[in-house]
Amino acid sequence: MSQRSYEVVEGFFVQEGGAPSYGLGELPPRFGLIDRSDSRWKTFRQKIDQLNTSSPAGTQYKVFFVGRHGEGFHNVAEAKYGTEENGDGELIWGPDPELTTLGKDQAKAAHNAWKQERKFDIPIPGKLYCSPLTRAIHTNKITFDSIIPQSQRTMIIENLRETTGVHTCDKRRTRTYIEQTFPDFDIEEELIEEDTLWDAEVRETHAEIDARMRGVLDMIFDKDQEQFISFTAHGGIVSAALRVMNHRQYILPTGGVIPIVVKSSIS
């Protein structure tokens, strides 16, 4: 049976070096694009087009803008209490916590970064995908408000959720809640009403989250014709994506975005 392999095409973004990411911040200028010229995104798009038009059968290139949700109440609380509690009487961070004020501001900063680069013709993602957890959906909604056309809807998929199990902040809400709270989003058919994946006793392993991340990439490369793709997800998903894509380790801060040019080949 044929299987897809993934590798990063280097030479475009500063993050490819596996940098001390906190030195770059959440949103480096131009999302980290090395080219500083006014024609930078036009040149970038042309290079991606050329890669795809000259590639052999079974090989594709796509650009992923991988975003991590803004700060949630769990990010604040975990440093103080750990990951197994739900709240302290003042803050609620589990299950499925909301964004903090800082988290909303981080999403607005990502929005402003897109708005700034639109002046230089940055390619707008043709497909957008998002985790079903509330903090990620809110981040996606704030980030891409007025950036993408109103007719374009982000697809929520189960497999972009954070590493699941044990930590209450990673237990999702019902499908009905998501549908009613975020009516402007599409939800994949496979996402069922209740969260049956979260286990209070067992934490998902790296191998398991890597397998579902690979499934997401396989689905996109098999079905999507678009070259530019957006994810809005979590630290665990970002790390899994980097491992599956064979990208150097990069710790993306909350509210951060890392662009990656990915080559997929079928063998």
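Scroll up to find the structure.
Residues numbered from 1 in each chain as written. Predicted model: local features only at pLDDT ≥ 70, side-chain atom pairs only at ≥ 80, totals over all residues. Heavy atoms only, no water.

*Asks:* Is there a simple way to explain the overall build of the protein chain in this structure?
*Replies:* Secondary structure summary: the protein chain contains eight helices and seven strands in total. The burial tally for the protein chain puts 51% of its 267 residues in the buried class. Surface summary for the protein chain: the accessible area is close to 12,500 Å², and the carbon and sulfur share equals 49%. (Helix = DSSP H or I, 4+ residues; strand = E, 2+ residues; numbered from the N terminus. Buried < 20%, exposed > 50% of the residue type's maximum accessible area, 1.4 Å probe, protein only. Areas by Shrake-Rupley, 256 points an atom, 1.4 Å probe, with all protein chains shown as cover.)

*Asks:* I tried to follow the packing of helix 4 (residues 101-118) against helix 5 (residues 134-144) on my own but got confused; where do I start?
*Replies:* Two measures define how a pair of helices packs: the angle their axes make with one another and the distance between the axes. Between helix 4 and helix 5, whose axes approach to 7 Å, the crossing angle comes to 35°. Seen along the crossing, helix 4 lies across helix 5 with a hand that is right-handed. Along the contact surface, helix 4 presents Lys-104, Ala-107, Lys-108, Ala-110, His-111 and Trp-114, while helix 5 presents Thr-139, Ile-142, Thr-143 and Phe-144. Taken together, the residues that form the contact of helix 4 with helix 5 break down as five nonpolar, three polar and two charged. (Axes fitted to C-alpha atoms, helices over the stretch in contact; angles between N-to-C directions. Left-handed = near helix turned anticlockwise from the far one by under 90°. Contact = heavy atoms within 4.5 Å. Nonpolar A, V, L, I, M, F, W, Y, C, P; charged D, E, K, R; others polar.)

*Asks:* Explain the sheet that holds strand 7 (residues 257-266) to me, please; I cannot follow it from the model alone.
*Replies:* Hydrogen bonding along the main chain pairs the strands of a sheet, whether they run parallel or antiparallel. Read from one edge of the open sheet, seven strands run 1-7-2-6-3-4-5, paired in mixed fashion. One side of each edge strand has no neighbouring strand; the edge strands of this open sheet are strand 1 (4-8) and strand 5 (186-187). Sheet topology note: the strand 1/strand 7 ladder contains five bridges and is antiparallel. Residue pairing across strands places Tyr-6 opposite Ser-264, the latter belonging to strand 7. (Pairing = 2+ DSSP bridges.)

*Asks:* Just checking my understanding: could you explain helix 8 (residues 235-245) for this structure?
*Replies:* Along helix 8, nine of the eleven residues are buried, which leaves the element largely enclosed by surrounding structure. Taken residue by residue, helix 8 has Gly-235, Gly-236, Ile-237, Val-238, Ala-240, Ala-241, Leu-242, Val-244 and Met-245 as its buried positions. Contact partners of the buried residues in helix 8: strand 1, strand 2 (59-68), helix 7 (206-223), strand 6 (228-233) and strand 7. Just downstream of helix 8, Asn-246 is the residue with a positive phi angle, here 60°.

*Asks:* Whenever I open this one, the packing of aromatic side chains confuses me. Can you help?
*Replies:* Two aromatic rings are characterised by how far apart their centres lie and by the angle between their planes. Under the definition given, this model contains 13 aromatic pairs. With a centroid separation of 5.9 Å and 45° between ring planes, the pair formed by Phe-64 and Phe-221 is classed as tilted. Separated by 157 residues along the polypeptide, Phe-64 in strand 2 and Phe-221 in helix 7 bring together distant segments of the chain. With respect to class, Phe-64 is no different from Phe-221; both count as buried. (Phe/Tyr/Trp six-rings, centres within 6.5 Å; stacked < 30°, edge-to-face > 60°.)

*Asks:* Looking at this structure, how should I read the environment of Gln-227?
*Replies:* One can find Gln-227 in the loop between helix 7 and strand 6. Overall, the relative accessible area of 18% leaves Gln-227 in the buried class. In the structure, Gln-227 is positioned 165 residues away from Lys-62 in sequence and 4.7 Å away in space, judged by C-alpha atoms. Apart from residues lying up to four places away in sequence, Gln-227 is in contact with Ile-48, Asp-49, Asn-52, Tyr-61, Lys-62 and Val-63. Reaching out from Gln-227, the side chain makes a polar contact with the side chain of Asn-52 at a distance of 2.7 Å. (Polar contact = N/O pair within 3.5 Å; in protein donor to acceptor, adjacent residues only side chain to side chain.)

*Asks:* I tried to follow unusual backbone geometry on my own but got confused; where do I start?
*Replies:* A negative phi angle is the norm for most residues apart from glycine, just as the trans form is the norm for most peptide bonds. Of note, Arg-30 is a non-glycine position whose phi angle comes to about 65°, a positive value. Accessibility expressed as a relative area gives 17% for Arg-30, which makes it buried. With a phi angle near 70°, Ser-146 is a residue other than glycine that sits in the positive phi range. Inspection of the secondary structure puts Ser-146 in the loop between helix 5 and strand 4 (155-156). Take Ser-146: its relative accessible area is 52%, and that puts it in the exposed class.

*Asks:* It is not clear to me how the pairing of strand 3 (residues 127-130) should be interpreted in this structure. Could you clarify?
*Replies:* Regular strands place their side chains on alternate faces of the sheet. Looking at chain direction, strand 3 and strand 6 are connected through four bridges and run parallel. Directly across from Cys-130, in strand 6, lies its bridge partner Thr-232. As defined by bridge partners, strand 3 adjoins strand 4 across two bridges and the pair is classed as parallel. Along strand 4, the bridge assignment pairs Cys-130 with Ile-156. Each parallel crossover has a hand, and for strand 3 linked through helix 5 to strand 4 it is right-handed. (Right-handed = clockwise from strand over helix to strand, strands pointing away.)

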